[in-house]
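A structural walkthrough
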Amino acid sequence: MEKRINGHTRLYALIGSPVGHSGSPAMQNYSFEKLGIDAAYLAFDVNVGQTAKALEAFRTLNVGGFNVTMPCKTEVARLVDRLSPAAELIGACNTVVVEEDGTMTGHITDGTGFVRNLKEHSVEVKDQKIVVLGTGGAATAIAVQAALDGVAEIAIFNRKDEFFANGEKTVEKIKKAVPTIGKVYIEDLDNTEKLRAVIAESDILINATRAGMAPLQDVIPVPEDVLRPELAVADVVYNPLETLLVKKAKEAGCRAAIGGIGMLLWQGAAAFELFTGKEMPVEEVKEKFF
Ligand code: NAD
């Protein structure tokens, strides 16, 4: 460390609350060191009310960029100077690049990380019919990115809870931003008959709800009989590493059964690339930290 940190070392950061559990400092610092980049990455516990002050401090200190986690993602999107098309549509960002003159551009790498992880498992989204379960943060990022990447149709399913209205808004935003998309709509997740019929016609099923995540580890968000070999199944949940949905998808012989940990890895890799213009040494990072 005493050899690595010097008077020129550029600071990168993570803000949000809590941040103590985050794996980002380890993977980003390891990658800086591995590629010989004179930079260091630290996590700061920042709540929504402190966000504007934190950004001002980052400008003053010439911080190179920062990641953002809950609960600051929407507040940061409001405060930065520019947003990427996906971050603009979603109204949230998780990665901000700071120019030398202090200009801040917000990006969101959750969706790109998810799509990249599918690619790693030989699943392409272009021209595919996809089902997205969920209308929260992860689901919105995935639906928007999939639309920008040229999916044929998106069917969003969610329970009629406090997140449902957000899904309705996402549908309208996607229709406006990607008018070439075949179909995008939202349905009630409890309408099992509709869910079965739509999944039977779809290529990819994505769980982006909390179903499957501890303490809901015994919950599977769809009836098991919808899982068939032609379907690719992907989960955003990575705790447990293999969710019940992924386990059942493997048992049913689905052409892909993908857990959420790869999305976490690739969203970090995408942030690293935005910060440095270089590829993260993903294989080594995966081996060391995942
Ligand atoms: P969120 O709170 O924004 O949204 C929660 C979603 O889950 C809503 O759509 C809600 O309706 C749904 N939901 C909650 N309980 C449910 C249940 N019992 N059955 C069906 N639906 C239910 O959460 P988020 O930030 O979008 O996170 C969702 C999941 O995605 C979490 O498990 C989180 O850990 C995971 N996640 C993973 C990554 C990754 O990199 N792999 C990134 C972000 C989030």
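Residues numbered from 1 in each chain as written. Predicted model: local features only at pLDDT ≥ 70, side-chain atom pairs only at ≥ 80, totals over all residues. Heavy atoms only, no water.

1. Structural notes on the sheet that holds strand β11 (residues 232–235)
Spatially, the six strands line up as an open sheet ordered β9-β8-β7-β10-β11-β12, and their pairing is parallel. The open sheet terminates on both sides in strands that have one partner only, identified here as β9 (183–188) and β12 (256–258). On average, adjacent strands in this sheet sit at an angle of 15° to one another, irrespective of strand direction. Here β11 runs beside β12; their pairing, made up of three bridges, is parallel. (Pairing = 2+ DSSP bridges. Helix = DSSP H or I, 4+ residues; strand = E, 2+ residues; numbered from the N terminus. Axes fitted to C-alpha atoms, helices over the stretch in contact; angles between N-to-C directions.)

2. Description of the environment of C254
Here C254 is to be found in the loop between α9 (244–251) and β12. Apart from residues no more than four positions distant in its own chain, C254 is found in contact with L227, R228, P229, L231, V233 and A249. (Contact = heavy atoms within 4.5 Å.)

3. Looking at the pattern of salt bridges
If you walk through the whole model with that rule in mind, you get 17 salt bridges. Among the salt bridges present, the one from K73 reaches D110, with a minimum N-O distance of 3.1 Å. With K73 in helix α3 (residues 73–79) and D110 in helix α5 (residues 110–120), this residue pair connects regions lying 37 residues apart in the sequence. Accessibility assignment for this pair places K73 and D110 in one class, buried. In this structure, R116 engages E120 in a salt bridge whose closest nitrogen and oxygen atoms are separated by 3.2 Å. (Salt bridge = Lys/Arg side-chain N within 4 Å of Asp/Glu carboxyl O. Buried < 20%, exposed > 50% of the residue type's maximum accessible area, 1.4 Å probe, protein only.)

4. Notes on the side chain of Q145
Among the secondary structure elements, Q145 is positioned in helix α6 (residues 137–148). Owing to a relative accessible area of 10%, Q145 belongs among the buried residues under this scheme. Aside from chain neighbours lying at most four places away, what touches Q145 is A86, G111, T112 and V115.

5. As for the packing of helix α1 (residues 24–34) against helix α11 (residues 282–289)
Orientation of α1 relative to α11, taken along the N-to-C sense of each, is 135°, at an axis distance of 10 Å. As summarised for this structure, α1 and α11 are arranged oblique, according to the angle between their axes. In this structure, α1 meets α11 at a crossing whose hand is right-handed. Along its contact with α1, which presents A26, M27, Y30, S31 and K34, the element α11 presents E284, V285, K288 and F289. Of the residues assigned to the contact of α1 with α11, the class counts are five nonpolar, one polar and three charged. (Parallel < 35°, antiparallel > 145°, perpendicular 65-115°, else oblique. Left-handed = near helix turned anticlockwise from the far one by under 90°. Nonpolar A, V, L, I, M, F, W, Y, C, P; charged D, E, K, R; others polar.)

6. Thoughts on the site of the ligand
Around the ligand, the surrounding shell holds 21 residues, and the nearest of these are A138, N158, D161, M213 and G260. Here T135 contributes a backbone N or O atom positioned 3.0 Å from an oxygen atom of the ligand. Relative to its free-state accessible area of 860 Å², the ligand is covered by the protein chains to the extent of 84%. Elements represented by at least two residues in the shell around the ligand include exactly α6 and α10 (261–276). In terms of residue class, the shell around the ligand is made up of eleven nonpolar, seven polar and three charged. (Near = heavy atom within 4 Å. Polar contact = N/O pair within 3.5 Å; in protein donor to acceptor, adjacent residues only side chain to side chain. Areas by Shrake-Rupley, 256 points an atom, 1.4 Å probe, with all protein chains shown as cover.)

7. Examining the packing of α5 against α6
Two quantities define a packed helix pair, namely the angle between the helix axes and the distance between the axes. It is at 8 Å that the axes of α5 and α6 come closest, and there the two elements cross at 70°. One way to sum up the angle between α5 and α6 is to call them roughly perpendicular. When the axes of α5 and α6 are compared, the crossing they make is right-handed. Where α5 approaches α6, its residues D110, G111, T112, F114 and V115 are matched on the opposing element by A141, I142 and Q145. Partitioned by chemical class, the residues of the contact of α5 with α6 number four nonpolar, three polar and one charged.

8. A short note on the pairing of strand β6 (residues 104–107)
Residues M104 and G106 of β6 are buried on one face, and the alternating residues T105 and H107, pointing to the opposite face, are buried as well. Where strand β5 (residues 95–98) and β6 come together, four bridges link them in antiparallel fashion. If you follow V97 over to β6, its bridge partner there is T105. In textbook terms, the turn of a hairpin is the stretch between consecutive antiparallel strands, and for β5 and β6 this stretch comprises five residues, one of which, G102, has a positive phi near 90°.

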